[in-house]
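Commentary on secondary and tertiary structure
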Protein chains: 2
Amino acid sequence: MKLSQKVQAMQFSPIRKFNVYAIEAKEKGKKVYHLNIGQPDIKTPKAFMEAVKNFDSHVLAYAESGGLVQLQDAIANYFKRFGMDIERKDVLITNGGSEALSMIYTCLLDYGDEVLIPEPFYTNYQTFISAAGGKVVPVTTKAEEGYRYAYADRIEKVITDKTRAISLVNPGNPTGTILTRDEMRVIADVAKKHDLWIIADEVYREFAYDGREMTSFGQLEDIKERVIIVDSVSKRFSACGARIGCIVSKNQELMSNAMKLAQGRLCCPTLDMIGATALYELDPSYFNEVRTEYEARRDAVYEEIMKIPGVVCQKPGGAFYIMVKLPVESSEDFLVWLLTEFDDGGETVMYAPIQGFYGTEGLGRDELRIAYVLKKEDLVRGVELMRLGLEKYKELGYK
Amino acid sequence: MKLSQKVQAMQFSPIRKFNVYAIEAKEKGKKVYHLNIGQPDIKTPKAFMEAVKNFDSHVLAYAESGGLVQLQDAIANYFKRFGMDIERKDVLITNGGSEALSMIYTCLLDYGDEVLIPEPFYTNYQTFISAAGGKVVPVTTKAEEGYRYAYADRIEKVITDKTRAISLVNPGNPTGTILTRDEMRVIADVAKKHDLWIIADEVYREFAYDGREMTSFGQLEDIKERVIIVDSVSKRFSACGARIGCIVSKNQELMSNAMKLAQGRLCCPTLDMIGATALYELDPSYFNEVRTEYEARRDAVYEEIMKIPGVVCQKPGGAFYIMVKLPVESSEDFLVWLLTEFDDGGETVMYAPIQGFYGTEGLGRDELRIAYVLKKEDLVRGVELMRLGLEKYKELGYK
């Protein structure tokens, strides 16, 4: 019996492989500060469980393949706040943003087709694109440039006749970079010129700091037929375990073909859609408090990071990740050392090495990602441990 | 912008396209008996919602990618009842049986690889296999033979060097056919001889009537490395809206590669996994009542069907579907006529035409599927309406 070449070529989660060292460290009694995970500690709004508990049908039946109508409507209303003319038919509910991406790539890609993605990128993109038979073509960004990627010449350089789409996360994971309006325009124009789709993963939309505007590619009127938005309740409402996301697009040919896939898997979980509806019906003021909290955490983390000698780091504008370039040869080796050899008062730290987030071999060896989803004092202590560890690491002659 | 050839080649649900006629009929005041849908009316055990309501974490967080450990264990225990040595590591929780199938095909199929499936088959198999880049190769069965397919010569005739797996549903959807132990042996031996995987969708396992044994391909010791079981709570516990299924296999190479896909989509919905755990922990006696109810329905439906002159129908051994071959040229045309032109005392009936369930062009034009998931008197009245409709149809000179 054979397994497919495509599945064998996929990688395991590049973050998860270091878990074994963290588990061992804890077994030895060390406290590990987890700066590696994207699981927010913000409480899920009570409205979710209240709505779920009110479910009183005797049969937990299949829902509509496109999603509960009331959830589609609640999401359409949410987008109206951004001046976007989104209707029920433009919204397809999915099993998290993950399934949205997976469906989109299946709709767009045949064997060998290419998708441009700024690197470093959320590694699961590689999995979804490979599963659809396609290929990731990275657009390389640099720590020193704040991981910005909206340069027409750099993007056009890697476009071929196999290129079908530009896929991006805005605000960015893992970089936290937010596109300016001008940058969005650059990408829109490249997409128009080369007749490409824009797949805009905007699950961090509300996490835009320093007064930056919350935006969507769906606001650019002249490209609305080529924009496919991926969205989700996971980060927005701290409801990762609900697995409710959606595809939003004004392109009815895309939506109609995505519906074939949706019908294939029948429907999304009924209870979670009921809960998600209640979340989308929350007053928009809900986001202010959450945003303020994350912004304060970002500032605290950034301040602490800048105390590390030789570090390269630019304060990100959004999401809840921050990229750090350390004066080490390998952030993976350093992490293993932190977990196995180092402690300060019985404490150490875990982050996400970022090498596996690059499509180009050899890049990102000295970079890492911190998720600022813990309370401020833990974040600061975690970064302090990185700094103290690095001092020791250098003293011991490691590079 | 292009859409993929594979998604464009996929069909919409062949059942759903007739919904528009049913809706119109209802708008005109007709009562429509829905014998077309596979949504059971059996109550979901209360244990599900009770467990869900007890969830009291403040954050609805991501679960493990492979599923909640307690659910994996509950499923492993469930399989032990069948004498199968299933452990936690052999169980991967999925978003319904649908995602289980989708992941399996992605794990096994590269572009152009083939999967043998007895036809008529559950149409979504086509969607999942196409999405994975593969091709369905049907093994044709006949109404007159009770849709049996375990004939080595017929299966071997369609095996090529591209064949990777035999995929089957047992008890069958749409045919209700149950394999005997001898027939399972035939299929196992063909799989061994040609080094194929066996993908056994066994979501209807408990729905085996007339004292037939509940079985699993996992019970055949000599092929346990090549068997991949698909399972789900949807039909078993009348919890279709929970979307909780699983892949079960002793083949660790398969499980480990499927885990890459599971990590890609992060996890299944936490609350539904909690509810599903409670379902799997129910006493096995739960199934007796449900089985007795379905068996009585099958008998009532079958008796009523046999009153139709010229019908071909064999009493199925399991699941909750029954196939009917009518003396008409097209069961699709007849259905549209029933919905638009016919009524008896203001009532008419809807069934699932089966042509779209065949991979071979032109087959099944005179066949249909009835799902016996309504209460007995409604089922009997529905079939009576088919008979009365057919009389009128013939009187009017239709063929």
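Conventions and cut-offs
- Sequence positions are assigned chain by chain, starting from 1 and proceeding in written order.
- In the order they appear in the text, chains get letters beginning with A and ligands get numbers beginning with 1.
- The predicted nature of this model means local features are confined to residues of pLDDT at least 70 and side-chain atom pairs, given and counted, to a pLDDT of 80 or more, with totals for whole chains, interfaces and linings taken over all residues.
- The side-chain numbers reported here are obtained from all heavy atoms of the structure, hydrogens and water having been left aside.
- What makes two residues a contact is simply this: any of their non-hydrogen atoms within 4.5 Å.
- Once two parts are put together, the accessible area they lose, assessed with a 1.4 Å probe and summed over both, is termed the buried area.
- Every case where a carboxyl oxygen of Asp or Glu lies within 4 Å of a side-chain nitrogen of Lys or Arg is listed as a salt bridge.
- Pairs of N or O atoms are called polar contacts if they sit within 3.5 Å, as long as, within protein, a hydrogen donor faces a hydrogen acceptor (for residues adjacent in sequence, only side-chain-to-side-chain pairs).
- In this description a helix means any DSSP run of H or I spanning at least four residues, a strand means any run of E spanning at least two, and both kinds are numbered starting from the N terminus.
- Ten residue types, Ala, Val, Leu, Ile, Met, Phe, Trp, Tyr, Cys and Pro, are classed as nonpolar, four, Asp, Glu, Lys and Arg, as charged, and the remainder, Gly among them, as polar.
- UniProt positions are given in the numbering used here, feature names are shortened, and annotations may be inferred rather than shown by experiment.
- The split of the chain into domains comes from an automatic or database domain assignment.
- Interaxial angle, 0 to 180 degrees, is taken between N-to-C directions of lines fitted to C-alpha atoms, where a helix line uses only the stretch in contact.
- In these notes the angle categories are as follows: under 35 degrees is roughly parallel, over 145 is roughly antiparallel, 65 to 115 is roughly perpendicular, and the rest is oblique.
- Here is the rule for handedness: rotate from the far helix to the near one, and if that takes an anticlockwise turn smaller than a right angle the crossing is left-handed, while a clockwise turn gives right-handed.
- Any two strands between which DSSP finds at least two bridges are classified as paired.

You'll often see interface size given as the accessible area lost when the parts meet. Between chain A and chain B, the residue contacts involve 77 residues of the former and 77 residues of the latter. For the chain A and chain B pair, buried surface summed over both sides reaches about 6,400 Å², with 59% attributable to carbon and sulfur atoms. Between chain A and chain B we count 0 salt bridges in total. Linking chain A with chain B are 42 residue pairs in polar contact (both at pLDDT 80 or more), by the criterion used here. Those elements that provide at least two residues to the side of chain A that touches chain B are α1 (5–9), α3 (46–53), α5 (96–108), α6 (124–131), α9 (252–264) and α10 (270–280) of chain A. Ranked by residues supplied to the side of chain A that touches chain B, first place goes to α9 of chain A with 9 residues. Residues of the side of chain A that touches chain B, tallied by class, amount to 36 nonpolar, 24 polar and 17 charged.

We now examine the UniProt feature "domain: Aminotransferase class I/classII large" (unreviewed entry) in chain A. According to UniProt, the positions carrying the feature "domain: Aminotransferase class I/classII large" (unreviewed entry) are residues 31–341 of chain A. Overall, residues 31–341 of chain A shows 37% helix and 16% strand. The separation of its end C-alpha atoms is 13 Å.

Below, the discussion takes up unusual backbone geometry. In this structure, the amide linkage connecting asparagine 170 of chain A to the following residue, proline 171 of chain A, adopts the cis form with an omega of -10 degrees. On the secondary structure map, proline 171 of chain A appears in the loop between β5 (163–169) and α8 (181–193). In this chain, asparagine 173 of chain B is followed by proline 174 of chain B through a cis amide linkage whose omega measures 15 degrees. Mapped onto the elements, proline 174 of chain B comes out in the loop between β5 (163–169) and α8 (181–193). In this structure, aspartate 195 of chain A takes a positive phi of about 50 degrees despite not being glycine.

All names here are of chain A. Parsing chain A into structural domains produces domain 1 (5–43 + 286–394) and domain 2 (46–280). Averaged C-alpha coordinates put domain 1 and domain 2 at centres separated by 26 Å. Counting residues at the interface gives 37 residues for domain 1, matched by 37 residues for domain 2. Both sides together, the interface formed by domain 1 and domain 2 hides about 3,100 Å², and carbon and sulfur atoms give 59% of it. If you sort the residues of domain 1 by the area they bury against domain 2, Phe287, Arg291 and Phe357 come out on top, with a joint share of 19%.

Attention now goes to the packing of α9 of chain A against helix α6 (residues 124–131) of chain B. Look at α9 of chain A against α6 of chain B: their axes get within 9 Å of each other, and the N-to-C directions meet at 120 degrees. The orientation of α9 of chain A relative to α6 of chain B falls into the category oblique. The two elements α9 of chain A and α6 of chain B cross, and the hand of that crossing is left-handed. Across the interface between the two elements, Lys260, Leu261, Gln263 and Gly264 of chain A of α9 of chain A pack against Asn124, Thr127 and Phe128 of chain B of α6 of chain B.

For the rest of this paragraph, the subject is the sheet that holds strand β9 (residues 321–325) of chain A. Residues and elements named next belong to chain A. Strand order in the open sheet formed by 3 strands is β9-β12-β11, and the pairing between neighbours is antiparallel. Edge positions in the open sheet fall to β9 and β11 (352–353), since each of these has one partner strand only. One ladder, built from 5 bridges, connects β9 with strand β12 (residues 367–371); its direction is antiparallel. Across the sheet, valine 324 pairs through a bridge with leucine 368, a residue of β12.

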